[in-house]
Every structure is written in C-alpha cells, then in structure tokens.
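Structural overview for review
Listed below are the residues making up each chain.
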Amino acid sequence: MNSTTKNKIGLALSGGGYRAAAYHIGTFRALNRLGILDNIDVISSVSGGSITSAYYALNKDDYDGFEKSLIRKLQKGVLSIAVINLVMVVLIIALSVWLLGWWIILPDIFLLFFFCYRLLPFSFWIKKSYNKLFFKKSKLSDFPARPLIAINSTDVVTGTLFTFSQIKMAGYRYKRDSNNPIFNHKEFPVANAVMASTCVPFAFSPIKISEKYYNVPLKKEEKKPLLIDGGLYDNQGAHKLSEENSSYHTQYIIVSDAGVEEMNAKWAFNIPLMLVKTTNIMMRRIKTFQIRSNIYSRNDKDVRYAYLSLGWEVNDRPVQGFIDNIKGEHIAPELYEYHNIKEDDVADLKHKDRSISLAASLRIMGHLKLNIKWQELEAIMPTKEEHNIAKTVGTNLTSLKEKQITALIKHSNWLTEVQIRLYLPYLITK
C-alpha cells in the first residue's frame, strides 16, 4: 500500500435521493459517538449521499447543529419549481391544441423529442433549490481542508466518474499538469456539483460545466464533460476510496449503503418505466460485483472494510455474517487477536463435521456478542416496524416525514455501530 494512504479512514455514502441523505445521518451520528468522525480523512459520495456529505463539510464545526438542521431541511422538497416548469409546458401544449387543433401535436412531440432538456431544464431549477435550502451559494473552496470531500458524478462522454472536491475537479481524459488544471474548482458552486451527482437519468437534464470554470481550453479531440448521476457508475461511493492510484484512496473504508435489495416488476408496464427498472438491475449488478471484489476477493490485505446496508434486517445476522466471513477466510488476521477468538475455535468452525462446526459457531457467537457489547447495541436497535418504514421511503427528492427520517437514522445508527465494533474496532476512540 502507498505509504501516504496507510491508516487513512474513508467514508463512502451511497445514492438514493432524500432516503440516502437521511439514512447517512445515522452513520454520522454513530461515528461521532464512537470518536471516529473527526478522524475521517475522505468522504466519497454519490447522488443523495452527496447532499449529506456536502452539507456536513460546510457545517462540520457544529455537529449537533449539522444534524438538527439537515433533519429539518429534509422535510422540505426541492422539486416544486421543476414541477411548475412541467405544468407550464403541459399547459402550453394543451393551449396550442385548443387554439390550433390536434394537428399541432406532432410538432409539439418533435420539439419535446429534440429540445426536451431546454424546455424542461429540471436540473437548473433543482440546483437553485439546493442553493436556497442547503448550500447558500457556497463554493468547493469553502470546504474545510479535512476531510477531503469527493462528490462523484458520471461523465456520459467517457462513461467514467467525474469527481468534484476542494483540491480539484477531474475525470478520465481531463488530466493536465497539476500546476495548470483544466478546471477552476475553487470557484465552482457546491450546488452545481451536488446537482451533477444527483442528476437522475431520464428525469433531469444533464449538467454541463460553464466556460467560466475552465482555466485552459480543451484540446480539439477532447469533448466537454456531460454529467449525470454518480450512482449510475458506482452507487456505493466506494470506488474512489478503493482505487489504489486514486487521490482519495484510504486504508480503512466504511460504506453506508441506503439501497434496498428487494426487486420486483411493479410499475414496469411501459418503456420509460422499464428503462428505469433495467437501470436499477445494472446498478445492482455493479454493487454486487464491487462488494465481492472489495470485501471478499481482495488480495490486498491492508485494506479493511465495514459495510452496512438499509436492506439488512434488524437482528443478530451481522454477527453471524462475521462468523461466516471467518469461515470463508475473509477476515483479517488481526481481528482474531482483537476479538480474542481462539485458534482452536476457528479450526473447529472450518471442520468438515457439521456438528463440530455448529458448536464452534455458537461459541464464537456468544464470545463476539460479549466483546462488542451486544446488549448495548440491542438497546438502540430499531423495531421491525421502524425498519419497514425506512425501507418504503422512495429515492426521489420530495420532502420526508419526521417519522421516516427517524426510522432511517435509527437503522443506520445501530448498524454502523454493529459493523464498526465487528470489523474496525481499532478505530474507536470513545
């Protein structure tokens, strides 16, 4: 591992609209209580997670104020002006039909097909709402020196990530001498970066970088970035943290995933809705690949992960999962020592005789629960009803009810502490 990234701690915040923005508050709460939050070196986020990461960066010196104000703000939506824009266009089309007759429908369809993003610039209006509600015209240079904030979007031109931070704006094929960067990141608005990260395909207009944010012109063969939702490329936000040659690479990675595993064919009865479904399937496949690659198939044993997901039920399954990972040899050796797990128990756990393996599993389960203070964790565990409320929250940018936010926070707060105590206990300082 590169010596500059050794012992660095990274936090990855997934996408998922307001649901993700609220869910990650619980992760911040747990990290703050465990004394880890102030030691985070990099926060990498996509889509809804970028709302939380950017808002935290601008308010990190007052944690209680950050949490309370963000909870309050998430009870207000940012789509109202965009909806008014849509209604106005629909009314204009209806008026044209009423005045000129049904023949005008074909020209109207033509205009919408070729000029949809100009007639319905939803991203422009949402960006304004972001500024008013969350970011108050802040620039990337207003972020603190630490933690390093990586707000990720997907570049349609290159099919890879384009990342905004307080040290640079960069993506594949847009690299120059570090002393002469292409983009002026210092003056770039935070709201624009978050809008690019949350720019859902099919729904919002793609984001372009204005000429005033270029330090030098692109080469003739280079095309300007066209940015959409970062979750399309990496919906966990972990890619930049795990990529060894990345400026954002860290040794310890905490992944807060607000995704829900359940898939179904509901609302898949027309082409646009089916496109959304197929996109979700592809994103889920990428997520599965990343988890297996980063956590279960890494040859680089220096990298350590703690992963949590809204899709996980509220029981002791995470502890059993840790035991399964011991059996599958996915657990770092120093964790055995840290948790005082005996080598004989590990050997019995891997025994071919199922009765011996099961007995060892039960012994290790009891030992781990005592070691991670399971009784204390049970006290903050959400109920199944609260978990169901959290899982049914949509991934859009409409206002959330207080009980929805509370349920989301409670799940991630509990599960973050469970996973940290299991997988990264040596980071705890309180």
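Here, every reference points to the structure presented above.
I will try to describe carefully the structure that is included in this document. (Residues numbered from 1 in each chain as written. Predicted model: local features only at pLDDT ≥ 70, side-chain atom pairs only at ≥ 80, totals over all residues. Heavy atoms only, no water.)

**Considerations on the state of the cysteines**
In a disulfide, the sulfur atoms of two cysteines are covalently bonded to one another. Inspection of every chain in the model, using the stated rule, returns zero disulfides. Cys 116 carries a free sulfur, and the closest cysteine sulfur to it, the one in Cys 199, is 12 Å from it. A relative accessible area of 0% places Cys 199 in the buried class. (Disulfide = S-S within 2.5 Å. Buried < 20%, exposed > 50% of the residue type's maximum accessible area, 1.4 Å probe, protein only.)

**What to know about helix α4 (residues 80-100)**
Over its 21 residues, α4 extends 30 Å from the first C-alpha to the last, a length consistent with the 30 Å expected when each residue adds 1.5 Å. Looking at the buried positions of α4, the neighbouring elements they touch are α5 (105-119) and α6 (122-135). Just past α4, the residue Gly 101 takes up positive phi, approximately 100 degrees. (Helix = DSSP H or I, 4+ residues; strand = E, 2+ residues; numbered from the N terminus. Expected span 1.5 Å × (residues − 1). Contact = heavy atoms within 4.5 Å.)

**Side note on helix α7 (residues 190-197)**
Among the eight residues of α7, eight are classified as buried, and the element is accordingly described as predominantly covered. Here α7 has its buried residues at Val 190, Ala 191, Asn 192, Ala 193, Val 194, Met 195, Ala 196 and Ser 197.

**A few points about the nonpolar core**
For soluble globular proteins, the rule of thumb is that nonpolar side chains tend to be buried together. Judged by nonpolar contacts, the single largest core of 105 residues is most densely connected at Tyr 130, Phe 134 and Phe 164. Examining the composition of this core, we find that 10 residues originate from one element, helix α16 (residues 402-423), more than from any other. Dropping the residues within four chain positions of it, Phe 134 is found in contact with Tyr 18, Ile 51, Tyr 55, Leu 70, Lys 73, Leu 74, Val 78 and Ser 129. (Core = buried A, V, L, I, M, F, W, Y, C linked by side-chain atoms within 4.5 Å.)

**Digging into a positive patch on the surface**
A cluster of like positive charges, contributed by Arg 72, Lys 76, Lys 132 and Lys 136, occupies part of the molecular surface. On the secondary structure map, Lys 136 appears in the loop between α6 and β3 (148-155). (Patch = residues over 30% accessible without salt bridge, like charges linked within 9 Å, V, L, I, M, F, W, Y side chains within 5 Å. Areas by Shrake-Rupley, 256 points an atom, 1.4 Å probe, with all protein chains shown as cover. Salt bridge = Lys/Arg side-chain N within 4 Å of Asp/Glu carboxyl O. Lys, Arg positive; Asp, Glu negative; His and termini not counted. Charge placed at Lys NZ, Arg CZ, Asp CG, Glu CD.)

**Focus: the side chain of Gln 166**
Note on placement: Gln 166 falls in the loop between β4 (160-164) and β5 (169-171). Judged by its relative accessible area of 11%, Gln 166 falls in the buried class. Polar side-chain contacts of Gln 166 include one of 3.0 Å to the backbone oxygen of Pro 147. Residues within four places of Gln 166 in sequence aside, it is in contact with Leu 140, Phe 143, Pro 144, Ala 145, Pro 147, Leu 148, Ile 149 and His 185. (Polar contact = N/O pair within 3.5 Å; in protein donor to acceptor, adjacent residues only side chain to side chain.)

**Thoughts on the packing of aromatic side chains**
The final tally for this structure, using the stated rule, is 24 aromatic pairs. Ring geometry for Tyr 174 against Phe 183: centres 6.0 Å apart, planes inclined by 70 degrees, an arrangement best described as edge-to-face. Both residues of the pair, Tyr 174 and Phe 183, belong to the buried class. Ring geometry for Phe 188 and Tyr 213: centres 5.0 Å apart, planes at 70 degrees, overall edge-to-face. Of this pair, Phe 188 sits in the loop between β5 and α7 while Tyr 213 is found in the loop between β6 (207-208) and β7 (226-229), placing the two residues 25 residues apart along the sequence. An identical accessibility class is assigned to Phe 188 and Tyr 213; each is buried. An aromatic cluster is defined as three or more aromatic residues linked by ring pairs; in this entry it consists of Tyr 18, Phe 28, Tyr 55, Tyr 56, Tyr 63, Phe 66, Tyr 130, Phe 134 and Phe 135. Lys 224 extends its terminal NZ or CZ atom over the ring of Tyr 214, reaching a point 5.7 Å from the ring centre. (Phe/Tyr/Trp six-rings, centres within 6.5 Å; stacked < 30°, edge-to-face > 60°. Lys NZ or Arg CZ within 6 Å of the ring centre and 35° of its normal.)

**Side note on the packing of α6 against α7**
Packing of α6 against α7 brings their axes to within 9 Å, and their N-to-C directions diverge by 125 degrees. In terms of their interaxial angle, α6 and α7 are classed as oblique. Considering how the two elements wind past one another, α6 and α7 form a crossing that is right-handed. In this structure, α6 uses Ser 123, Ile 126, Lys 127, Tyr 130, Asn 131 and Phe 135 to contact α7, whose residues at the interface are Val 190, Ala 191, Asn 192, Val 194 and Met 195. (Axes fitted to C-alpha atoms, helices over the stretch in contact; angles between N-to-C directions. Parallel < 35°, antiparallel > 145°, perpendicular 65-115°, else oblique. Left-handed = near helix turned anticlockwise from the far one by under 90°.)

**Topic: the environment of Val 260**
With respect to the element layout, Val 260 can be found in the loop between β8 (252-257) and α9 (271-296). Measuring from C-alpha to C-alpha, the distance between Val 260 and Ser 309 comes to 7.6 Å, with 49 residues separating the pair along the chain. Setting aside residues no more than four positions away along its own chain, Val 260 makes contact with Arg 19, Leu 310 and Lys 391.

**Here's the deal with the pattern of salt bridges**
Enumeration over the complete set of coordinates arrives at 14 salt bridges. Between Arg 304 and Glu 334 there is a salt bridge whose closest N-O contact spans 2.7 Å. Taken together, the residues span a long stretch of sequence, with Arg 304 in strand β9 (residues 304-309) and Glu 334 in helix α11 (residues 333-338) at a distance of 30 residues. A relative accessible area of 13% places Arg 304 in the buried class. Taking the relative accessible area as the measure of exposure, Glu 334 reaches 29% and is therefore partly exposed. Lys 391 serves as the salt-bridge partner of Glu 313, at 3.3 Å between the closest nitrogen and oxygen. Of the two residues, Glu 313 is situated in the loop between β9 and α10 (317-327) and Lys 391 in helix α15 (residues 384-391); the sequence distance between them amounts to 78 residues. Several salt bridges converge on common partners, so that one network encompasses Arg 33, Glu 417 and Arg 421.

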